[in-house]
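Breakdown of the fold
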Amino acid sequence: MATPTMDKVAADDAAAASHLITVTFRIRRFNPEVSAEATWEDFQLEIDPKERVLDGLHKIKWELDGSLTFRRSCAHGICGSDAMRINGKNRLACKTLIKDINPAKPITVEPIKGLTVLKDLVVDMEPFFQAYRDVMPFLVTTGNEPTRERLQSAEDRERFDDTTKCILCAACTSSCPVFWNDGQYFGPAAIVNAHRFIFDSRDEAGEQRLEILNDKDGVWRCRTTFNCTDACPRGIEVTKAIQEVKRALITRRY
Ligand code: SF4
Ligand code: F3S
Ligand code: FES
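For the chain, an unreviewed UniProt entry supplies the name Fumarate reductase iron-sulfur subunit and the organism Streptomyces longispororuber. As its UniProt record puts it under Pathway (unreviewed entry), the chain is described as follows: "Carbohydrate metabolism; tricarboxylic acid cycle."

Counting its regular elements, the chain contains nine helices and seven strands. For the chain, the C-alpha atoms occupy an extent of roughly 70 × 55 × 30 Å along the three principal directions. Relative to its full complement of 254 residues, the chain shows a buried share of 42%. As presented, the chain carries roughly 13700 Å² of accessible surface, and 50% of it is formed by carbon and sulfur atoms. Taken together, the 36 basic and 38 acidic charged side chains of the chain have centroids lying 3 Å from each other.

The next point concerns the site of ligand 2. Close to ligand 2 lie 13 residues; Cys176, Cys222, Arg223, Thr225 and Cys228 are nearest. A molecule is said to occupy a pocket when more than half its atoms come within 2 Å of that pocket's grid points, and by this definition ligand 2 occupies the second largest cavity. Looking at the shell around ligand 2, the elements that each hand over two or more residues are α8 (227-231) and α9 (238-251).

One pass over the structure, following the stated rule, counts two cavities of 30 Å³ or more. In this model, the largest cavity occupies a volume close to 90 Å³. Taken together, 14 residues form the lining of the largest cavity, with Cys166, Cys169, Cys172, Cys232 and Ile236 sitting closest to its centre. Among the residues forming the lining of the largest cavity, the class breakdown is 13 nonpolar, no polar and one charged.

Among the 13 residues in the neighbourhood of ligand 1, the closest are listed as Cys166, Ile167, Cys169, Cys172 and Cys232. The cavity where ligand 1 resides is the largest cavity.

Let us now look at the nonpolar core. Phe25, Ile27, Val53, Leu57 and Leu213 are the most contacted members of the largest nonpolar core, which has 64 residues in total. Apart from the residues within four sequence positions on either side, Ile27 is in contact with Thr39, Trp40, Glu41, Phe43, Leu57, Ile60, Leu68, Val109 and Leu121.

Turning our eyes to something else, we now look at α9. An ideal rise of 1.5 Å per residue puts 20 Å on 14 residues; α9 measures up with 20 Å between its terminal C-alpha atoms. Listing the buried residues of α9 in full gives Val238, Thr239, Ala241, Ile242, Val245, Lys246, Ala248 and Leu249. Elements that come into contact with the buried residues of α9 comprise α6 (188-198), α7 (206-213) and α8. Directly after α9, the chain includes Arg252, whose backbone phi takes a positive value near 55°.

With three bridges connecting them, strand β1 (residues 21-29) and strand β5 (residues 107-110) associate as parallel partners. Paired with Ile27 across the two strands is Val109, which belongs to β5. Taken together, the two bridges between strand β3 (residues 83-86) and β5 define a ladder with antiparallel strand orientation. Bridging from a neighbouring strand, Arg85 pairs with Glu110 of β5.

Our focus in this paragraph is the pattern of salt bridges. Per the counting criterion, the structure on display carries 20 salt bridges. Between Glu126 and Arg133 there is a salt bridge; the shortest N-O distance is 2.3 Å. Owing to a relative accessible area of 40%, Arg133 belongs among the partly exposed residues under this scheme. Among the charged side chains, a salt-bridge network with shared partners connects Arg29, Glu41, Asp65 and Asp120.

Further remarks concern the sheet that holds β1. In space, the five strands of this open sheet follow the order β2-β1-β5-β3-β4, with mixed pairing throughout. Edge positions in the sheet fall to β2 (39-47) and β4 (89-92), since each of these pairs with one other strand and no more. Going across the sheet, the axis of each strand differs from the next one's by a mean of 35°, ignoring polarity.

Here is what the cut-offs are and how they apply
- Each chain has its residues counted from 1, following the order in which its sequence is written.
- Chain A is the first chain written and ligand 1 is the first ligand written, with later ones labelled in order.
- Totals for whole chains, interfaces and linings use all residues, but because this is a predicted model, local features are given only for residues with pLDDT of at least 70 and pairs of side-chain atoms are given and counted only at 80 or more.
- As a rule here, side-chain values cover all heavy atoms of the structure and leave hydrogens and water aside.
- UniProt positions are given in the numbering used here, feature names are shortened, and annotations may be inferred rather than shown by experiment.
- Numbering of helices and strands runs from the N terminus; a helix is a DSSP stretch of H or I covering at least four residues, while a strand is a stretch of E covering at least two.
- The classification of residues rests on relative accessible area computed with a 1.4 Å probe and restricted to protein chains. Under 20% of the type maximum is buried, over 50% is exposed, and intermediate values are partly exposed.
- Surface accessibility follows the Shrake-Rupley procedure with a 1.4 Å probe radius. Residue values consider only the protein chains on display as shielding.
- Positive charges are assigned to Lys and Arg, negative charges to Asp and Glu, while His and the chain termini are left out of the count.
- For the purpose of locating charges, the reference atoms are NZ of Lys, CZ of Arg, CG of Asp and CD of Glu.
- We call a residue near a molecule or strand as soon as one heavy atom of that residue lies within 4 Å of the molecule or strand.
- Of the two site types, the cavity is a set of points on a 1 Å grid over the protein atoms alone where a 1.4 Å probe fits but cannot get out, and the pocket is an open set with protein on both sides within 12 Å along at least five of seven lines, each lined by residues with an atom within 4 Å of a point.
- Being in a pocket or cavity means that more than half of the molecule's atoms lie within 2 Å of its grid points.
- Grid points are joined across faces, edges and corners, and a volume is the space filled by probe spheres set on the points.
- The nonpolar class holds Ala, Val, Leu, Ile, Met, Phe, Trp, Tyr, Cys and Pro. Asp, Glu, Lys and Arg form the charged class, and all remaining residues, Gly among them, are polar.
- Each nonpolar core is a collection of buried residues, namely Ala, Val, Leu, Ile, Met, Phe, Trp, Tyr and Cys, held together in the definition by side-chain atoms within 4.5 Å.
- By the convention used here, residues are in contact when the closest approach between their heavy atoms is within 4.5 Å.
- Each residue after the first adds 1.5 Å to the expected span of a helix.
- Following DSSP output, two strands are said to pair if at least two bridges run between them.
- Note on definitions: salt bridges are taken to be side-chain nitrogens of Lys or Arg within 4 Å of carboxyl oxygens of Asp or Glu.
- In this analysis, axes come from line fits to C-alpha atoms, helices being fitted only over the stretch in contact, and the angle between any two N-to-C directions falls in the range 0 to 180 degrees.

In structure tokens:
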């Protein structure tokens, strides 16, 4: 294969640079070892608008301020670790293109709400995962272990298809005003993951999960605000799933 000439490399660099724009990232900073108060800090970057907010955060961390703290892993919308408030809305930083969020104005980046901030954009996810664990997010069956896979019709699989897409990013729960109030509400993500098993024809613990969600901090606290549905980066119909769980609790049919 031919090696690109120096001229070609220089021309490519110049073409890439011509696409760069100057963007201000306005980031909510918090370091409990330095101050009890969170503050805003601005960073100016030269960046291609087709890059993502996560690319901007990497650039800041790697080139401007190594102390900036945030979570991310896959960088491709799979692991759910980089949910944050970008321009006031919960989004995944790795799925948000800079050109799509008006880069002419400062891009505000804050931690998700309703969970304790540990440092900068990192929150304590433990209450979120505790609610998830509480709804028993695993298949429960009795009897002998089958010698082949448990069969299910396409129609039965369809009933919980939407809720299998959850990546546990917490964008829904941390956008819910009921959860912001006291953090006691199970929250939409836990209900979505309960839904995934309640409506699975192979599972035998639907009643148990419904009773767990019949609690004073369970599904009845949902006020059908729809913030959760708007926030979900996987496009899950979160509010609809919550309504289906409520209906199953009333009718005991699922
Ligand atoms: Fe994230 Fe959507 Fe799952 Fe909520 S339901 S945790 S927003 S993927
Ligand atoms: Fe909250 Fe979603 Fe219900 S935002 S109030 S869980 S519809
Ligand atoms: Fe994994 Fe964004 S880094 S979902």
